[in-house]
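# An overview of the molecular structure
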Amino acid sequence: MSGDEFLTPEEKAEGKSEDWPQGKRNEHGNGGEDGGRNGPGSAVGTEILALRFETHRARLRAVAHRMLGSLAEADDAVQEAWLRLSRSDTSEVANLGGWLTTAVGRICLDMLRSRRTRREEPLDEPGVRLPEPLLAPITGADPEQEALLADSVGLALLVVLETLGPAERLAFVLHDLFAVPFDEVATVVGRSPAATRQLASRARRRVQGGAPAPDADPDRQREVVDAFLAAARDGDFDGLVAVLDPDVVARSGAGVTTGAAAVASGAITFGRLAAVGRPALVNGSVGVVGLMEGRLVSVLSFTVVHGRIAVIDIVREPERLAGLDVTFLEG
């Protein structure tokens, strides 16, 4: 990475580089042309560093969310990256974005290893650990939310990432999703570049086999999801089967259901919730949120492939829904 991709448009226009502004060093070793008063160690220098950090926050949060599958944990990882940055000498950092991406990668790797050590939510249980989704209204999302959604991946892919080992997941996320060179990824996972390539290759095969590529047209997605909701509300079994892929998979914390007939039967019982469901963007794709008396009770994410629903991911656990902001979906 050259570092230019981490600059804001304003910085590019002004011809700024990712290098920390270098001036003469004073006797205490502080940078800055004013003898250290505005250098990295000063209050002004810290404020400047914080502003530059904010230009990378959305990208760092996207990296962390793909690594951890939790918005709260992603925010914790990004905050820890800021703390490490604020305590470090950045005078020799030529690529702040790369430095921060590496730092967040290491933090997430430690968090994933700690999670595995505690054996949190094992994947061999009847259900699956569904990541926390990103929600937004179909139209009218604020710019910050739009930026986050634009850098998100489908819930189905995040579910597959949950099945990878920590090092595999890091290698795949950093290299395949964020184009970090293998030499840099290798320093994070503590492996050779060749071994890191193998980690990413294994992860890539798992992902390609488990996460179907969705239809990109949001209007077509909306048509299919609306047809599913209408059939569920009416108890129309044949109508549900018509919009489901024959090998559709429905996943939730309660278990996994496969096959159009089985999923359609389950959707019939979902009819009461479908009646209060409303369309929303779930990780950038058309999905459904269930609201009762203004309270979020479910989130359904649909992966539409060739005009039919191939995957339904259902989040109902109160602890996973509690932190999701749905106030912007009201009205």
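Higher on the page you've got the structure.
Residues numbered from 1 in each chain as written. Predicted model: local features only at pLDDT ≥ 70, side-chain atom pairs only at ≥ 80, totals over all residues. Heavy atoms only, no water.

### Re helix 4 (residues 71-86)
Rule in force here: Working definition: helices are DSSP H or I runs of at least four residues, strands are E runs of at least two. Numbering for both runs from the N terminus. Any helix carries an expected span of 1.5 Å times its number of residues minus one. Polar contacts, as used here, are pairs of N or O atoms within 3.5 Å; protein pairs need one atom able to donate a hydrogen and one able to accept it. Residues neighboring in sequence count only if both atoms are side-chain atoms.
The terminal C-alpha atoms of helix 4 lie 23 Å apart, and with 16 residues this matches the ideal 22 Å at 1.5 Å per residue to within 8%. Of the residues that open helix 4, the one with a side-chain oxygen 3.5 Å from the backbone nitrogen of Ala72 is Ser70.

### Here's the deal with the pattern of salt bridges
Using the following cut-off: Think of a salt bridge as a Lys or Arg side-chain nitrogen and an Asp or Glu carboxyl oxygen that are within 4 Å of each other. Three exposure classes are used, based on accessible area relative to the maximum for each residue type with a 1.4 Å probe and protein chains only: buried under 20%, partly exposed in between, and exposed over 50%.
Evaluation of the coordinates by the stated rule reveals 11 salt bridges. Its salt-bridge partner being Glu162, residue Arg115 comes within 3.8 Å of it at the nearest N-O pair. Placement of the pair is Arg115 in helix 5 (residues 96-117) and Glu162 in helix 7 (residues 155-162), with a sequence separation of 47 residues. Judged by its relative accessible area of 7%, Arg115 is buried. Classification of Glu162 as buried rests on a relative accessible area of 6%. Across the pair Arg169 and Glu162 runs a salt bridge, and its minimum N-O distance is 3.6 Å.

### Focus: unusual backbone geometry
Here the phi dihedral of Asn283 falls at roughly 55 degrees; this positive angle occurs in a residue that is not glycine. For Asn283, the location among the structural elements is in the loop between strand 4 (277-282) and strand 5 (285-292). We classify Asn283 as buried; its relative accessible area is 4%. In this structure, His306 takes a positive phi of about 55 degrees despite not being glycine. Structurally, His306 is set in the loop between strand 6 (295-305) and strand 7 (308-315).

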